[in-house]
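# An overview of the molecular structure
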Amino acid sequence: MEFGSRSVIRRTNKKQDTSNVLQDSSNIQHVTIVVDETDNYNLSFYNQPPSEVITVEEFQKLGMERMNVLRELESLKEKYAADPRKYLEQFIEEVGRIEPFFTNGLLSSQLREARRKDRIAHFILRLAFCQSQEMSQWFVKQETELFRMRFQLEAPSKMLQFLKANNINPQEVGENEKSRMLKDLSQALTIPQDSLPKSAIFKVCLIFFL
């Protein structure tokens, strides 16, 4: 997922004020956004900015909905930091309530529109949060976490299709390698060690994410 330059961002624990990032645009009637018509997945690395004309009302509505998602996500992560399973459950319930498409809660006929809104909303906030380094850091952190959680909820076949469509070719971890890394894998994936032999685990080259 590429979010601008590779410049180093300072780590900060300061709570970001995100209340005024969407400025009043009452004097504007339309905004031009570009949508990737070939996007067939719930997930996205947002490599291509969208393109179509939308009203200011929709621009503001989509931006605020995405803001609510990111704020809720930040709150849940802090609240359930010590309980990954509860965190996932609450993510499905609370974030899924705002954006049901995240948890595949929509009919297939509704998915295309949901994907369209998702792409546009991401780029609206991507633009709004470029005003400072700290704001960009907050945005990247929340969007990365959102992607991570959504990725977990995809079916394994969909995960692999999405990765391959983005030129990422995961390699399945063999049984010998898996047995040597049981403890580390269990801690990293929050999966009991006795469940790992039955689980398919893949490794990818993270250079694609730089």
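Residues numbered from 1 in each chain as written. Predicted model: local features only at pLDDT ≥ 70, side-chain atom pairs only at ≥ 80, totals over all residues. Heavy atoms only, no water.

### Overview of the packing of helix 3 (residues 108-128) against helix 4 (residues 133-152)
Helix packing for two helices is described by the angle between their axes and how far apart those axes are. Their axes nearest at 9 Å, the elements helix 3 and helix 4 cross at an angle of 160 degrees. Viewed along their axes, helix 3 and helix 4 adopt a mutual orientation that is roughly antiparallel. In this structure, helix 3 uses Asp118, Arg119, His122, Leu125, Arg126 and Ala128 to contact helix 4, whose residues at the interface are Met135, Phe139, Glu143 and Arg150. (Axes fitted to C-alpha atoms, helices over the stretch in contact; angles between N-to-C directions. Helix = DSSP H or I, 4+ residues; strand = E, 2+ residues; numbered from the N terminus. Parallel < 35°, antiparallel > 145°, perpendicular 65-115°, else oblique. Contact = heavy atoms within 4.5 Å.)

### Remarks on the confidence of the model for the protein chain
Summary statistics for the protein chain give a mean pLDDT of 80 and a share of 76% for residues scoring 70 or more. Averaged over each element, pLDDT in the protein chain is lowest for strand 1 (residues 30-33) (52) and highest for helix 1 (residues 56-79) (95). Every residue in residues 1-14 scores below 50 in pLDDT, and together they form 25 contacts with partners more than four places removed in sequence or on other chains. Counting contacts from residues 33-38, a segment whose pLDDT is below 50, to residues more than four positions away or on other chains yields 16 contacts. (pLDDT = per-residue confidence, 0-100.)

### With respect to the environment of Leu182
Among the structural elements, Leu182 can be located in helix 7 (residues 182-189). On the basis of relative accessible area, Leu182 is assigned to the partly exposed category, the value being 22%. Once residues within four sequence positions are removed from consideration, Leu182 is found in contact with Gln193 and Leu196. (Buried < 20%, exposed > 50% of the residue type's maximum accessible area, 1.4 Å probe, protein only.)

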